[in-house]
Amino acid sequence: MNLTEASAKPLRVALLGAGNVGSQVARILLDDAAALGSRAGAPLELVGIAVRSLDTDRGTALPQELFTTDAESLVENADIVIELMGGIEPARSLILRAIEHGATVVSGNKALFAQDGPALYEKADAAGVQLSYEAAVAGAIPILRPIRDSLSGDRITRVLGIVNGTTNYILDQMDATGAQFADALRAAQELGYAEADPTADVEGHDAAAKAAILASLSFHTRFALENVYCEGITQVTADDIAAARADGYVIKLLAIAELLSDEAGDPGVSVRVHPTLLPRDHPLAAVHGAFNAVFVEAENAGELMFYGQGAGGTPTASAVLGDVVSAARRMMLGGPGRTETTTGHVPARSIDTVSTSYCIGLDVADQPGVLARIATIFADNAVSIETMRQSIHQPGPGAEGTAELRIVTHRATEASLAATVKQVAALPVINSVTSVLRVEGI
Ligand SMILES: NC(=O)c1ccc[n+]([C@@H]2O[C@H](COP(=O)([O-])OP(=O)(O)OC[C@H]3O[C@@H](n4cnc5c(N)ncnc54)[C@H](O)[C@@H]3O)[C@@H](O)[C@H]2O)c1
Ligand SMILES: N[C@@H](CCO)C(=O)O
Ligand code: NA
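Please read these numbers as outputs of a predicted model, since none were measured by experiment.

K.L.:
Teacher, can you tell me more about the UniProt feature "binding site: L-homoserine" (unreviewed entry) in the protein chain here?
P.N.:
In the numbering used here, UniProt assigns the feature "binding site: L-homoserine" (unreviewed entry) to Glu195. For glutamate 195, the location among the structural elements is in the loop between helix H9 (181-190) and helix H10 (199-202). Owing to a relative accessible area of 28%, glutamate 195 belongs among the partly exposed residues under this scheme. With residues up to four places along the chain from it excluded, the contact list for glutamate 195 reads Lys110, Ala200, Asp201 and Asp206.

Here it is as structure tokens:
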């Protein structure tokens, strides 16, 4: 730190929550105080850490005297408040209180920002304070700042990526080692990737919150959670993964936000999260473990890919501290700068209007004419077939044979695909529809 920085008044930093991420943020703030202060332009002084109880054994890594259960007093006496408690309340009230007291806020809380982001930015703008949350989407990967700042001179048309580490870890383990869902989930929890309630991860809600944030920043329009079509991975079976592998695909939980035109040429945005088949040579198929990757397509920049650790205490702490140092720099220079803009006014599109490829798995009777009857239904609904693979299951003596069909379609709308599957399922020669998965990257 040079003389000017050393003589600058320290910025008082309050931390709310000392879990996986909060404990790492505290450690780095203390261990790297000199370097961080030098980059910020003023010392960053950690003045307290709000926890639920002082009786919890937290070891000796952090000084005991920093812990307090009085989060409100801590917030009211801070220049920078870092919220890492998660959940909606009391995080929301404490952030609002920090803003009222003129403090800059840094958070990693995607659930809160997907639900209340615009209201919070408005309050922050009115109070002239900064609000940043890079850690909320794709952990350590710088993705919100590039979208908000670096691409602010371009027009984003599509964002597509793997934004949940827990589900990527689970699907990857199931694909690579044949692990059971429950065992892979437990490992992801032990590694600190999962949310406090892992339902948010496996049901796709965490990815949906991130998709809403990505869509809002990319299209300068407020997209809330209710605008996101969401399917998690709890219905993905080991058989689906094995069948995908046999066909040269991998299953990933993708978050997609894309600008579409309707028949009249009017723009709209589809935001969706669902398990998706990707060809094994697609770049996103090579994203393993808890890593995340996000493709951004912009009119002038073309295709950009952001890749890195999407979860875990220490990587996520890096994104939090990046926001803290950057906010501190601006505080030292004066003025919060401009935060989000919501002047795009592009409507949200329902999933029924989206057009994509599908892979449909069918268990059918092995009889003459079955393929022709299925193909007729596809043709009647204008759903064009790209590939069809059939494997015959040899029957035991006296039993009737069955066949497994895997049909990959060209792009079709959700509505026409749904009608096709319904009519095919009703054919007497169909034993069951074993899976319907969307396909990207073909
Ligand atoms: N773990 C990750 O990989 C990761 C990555 C990106 C973003 N995030 C986000 O960061 C935030 C924190 O995640 P985490 O993994 O550290 O969660 P965590 O559950 O490990 O930690 C949260 C901590 O906050 C404490 N807390 C909750 N309510 C409190 C209250 N009222 N007063 C005081 N303390 C309270 C909890 O006791 C817990 O120790 C969440 O919003 C999460 O979505 C986490
Ligand atoms: N639970 C989240 C943490 C990172 O936001 C995940 O698994 O990706
Ligand atoms: Na990030």
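Now that the structure has been shown, we can carry on.
K.L.:
When you look at the pairing of strand E9 (residues 249-261) in this model, what are you seeing that I'm missing?
P.N.:
Residues in a regular strand point their side chains to alternate faces of the sheet. Most of E9 sits inside the fold, with 10 of its 13 residues counted as buried. Alignment of strand E7 (residues 156-162) against E9, held across 4 bridges, turns out to be antiparallel. Counterpart to arginine 158 in the pairing with E9 is glutamate 258. Both E9 and strand E10 (residues 267-279) contribute to a ladder of 13 bridges, which runs antiparallel. Counterpart to serine 261 in the pairing with E10 is proline 267. Hairpin connection of E9 to E10: 5 residues between the antiparallel strands, including glycine 265 at a positive phi of 85°.

K.L.:
What's the story with the site of ligand 2 in this structure? I'm lost.
P.N.:
The environment of ligand 2 is made up of Lys110, Asn164, Gly165, Thr166, Tyr193, Ala194, Glu195, Asp201, Asp206, Lys210, Gly310 and Ala311. Here a nitrogen atom of ligand 2 and a side-chain polar atom of glutamate 195 are 2.7 Å apart. Within the contact set of ligand 2, an oxygen atom lies 2.8 Å away from a side-chain nitrogen or oxygen of lysine 210. About the coverage of ligand 2: the protein hides 95% of its 260 Å² of free accessible area. Secondary-structure elements contributing two or more residues to the shell around ligand 2 are helix H8 (165-177) and helix H11 (205-219).

K.L.:
Whenever I open this one, the coordination of the sodium ion (ligand 3) confuses me. Can you help?
P.N.:
Under ideal tetrahedral coordination, the four donors around a metal are separated by 109.5 degrees; under ideal octahedral coordination, the six donors are separated by 90 or 180 degrees. Looking at the sodium ion (ligand 3), the protein donor atoms are Glu134 (O), Glu134 (OE), Val137 (O), Gly139 (O) and Ile141 (O), and they sit 2.4 to 2.7 Å from it. Sequence positions of the residues that donate to the sodium ion (ligand 3) give the spacing E-x2-V-x1-G-x1-I. The buried category is assigned to glycine 139, whose relative accessible area is 3%.

K.L.:
Help me understand the environment of leucine 427 in this model?
P.N.:
Relative to the elements of secondary structure, leucine 427 occurs in the loop between helix H15 (414-425) and strand E17 (430-439). The sequence separation of leucine 427 and leucine 321 amounts to 106 residues, and the corresponding C-alpha distance is 59 Å. In this structure leucine 427 touches Arg373, Ile374 and Ile377, once residues within four positions along its chain are discounted.

K.L.:
How should I be thinking about H8 in this particular structure?
P.N.:
Side chains that are three or four residues apart share a direction in an α-helix, a result of its 3.6 residues per turn. Between the first and last C-alpha of H8 there are 17 Å, a value that for 13 residues agrees with the 18 Å anticipated at 1.5 Å per step. In terms of burial, H8 is a largely internal element, 10 of the 13 residues being buried. Taken together, the buried positions of H8 are occupied by Gly165, Thr166, Thr167, Asn168, Tyr169, Ile170, Leu171, Asp172, Met174 and Asp175. Contacts from the buried residues of H8 go to E7, H9, H10, helix H12 (238-246), E9 and strand E11 (291-298). At the exit of H8 stands glycine 178, carrying a positive phi of roughly 75°.

K.L.:
Explain the packing of H8 against H9 to me, please; I cannot follow it from the model alone.
P.N.:
When two helices pack together, their arrangement is captured by the angle between the axes and the distance separating the axes. Their axes nearest at 9 Å, the elements H8 and H9 cross at an angle of 135°. By the angle between their directions, the pair H8 and H9 is classed as oblique. When the axes of H8 and H9 are compared, the crossing they make is right-handed. On H9, the residues that touch Thr166, Tyr169, Ile170, Gln173 and Met174 of H8 are Phe181, Ala184, Leu185, Ala187 and Ala188. Here the residues of the contact of H8 with H9 are counted per class, giving 8 nonpolar, 2 polar and no charged.

About the cut-offs
Residues numbered from 1 in each chain as written. Chains lettered and ligands numbered in written order. Predicted model: local features only at pLDDT ≥ 70, side-chain atom pairs only at ≥ 80, totals over all residues. Heavy atoms only, no water. UniProt positions renumbered as here; feature names shortened; annotations may be inferred. Helix = DSSP H or I, 4+ residues; strand = E, 2+ residues; numbered from the N terminus. Buried < 20%, exposed > 50% of the residue type's maximum accessible area, 1.4 Å probe, protein only. Contact = heavy atoms within 4.5 Å. Pairing = 2+ DSSP bridges. Near = heavy atom within 4 Å. Polar contact = N/O pair within 3.5 Å; in protein donor to acceptor, adjacent residues only side chain to side chain. Areas by Shrake-Rupley, 256 points an atom, 1.4 Å probe, with all protein chains shown as cover. Donors = N, O, S within 2.8 Å, 3.2 Å for Na, K, Ca; no water. Expected span 1.5 Å × (residues − 1). Axes fitted to C-alpha atoms, helices over the stretch in contact; angles between N-to-C directions. Parallel < 35°, antiparallel > 145°, perpendicular 65-115°, else oblique. Left-handed = near helix turned anticlockwise from the far one by under 90°. Nonpolar A, V, L, I, M, F, W, Y, C, P; charged D, E, K, R; others polar.

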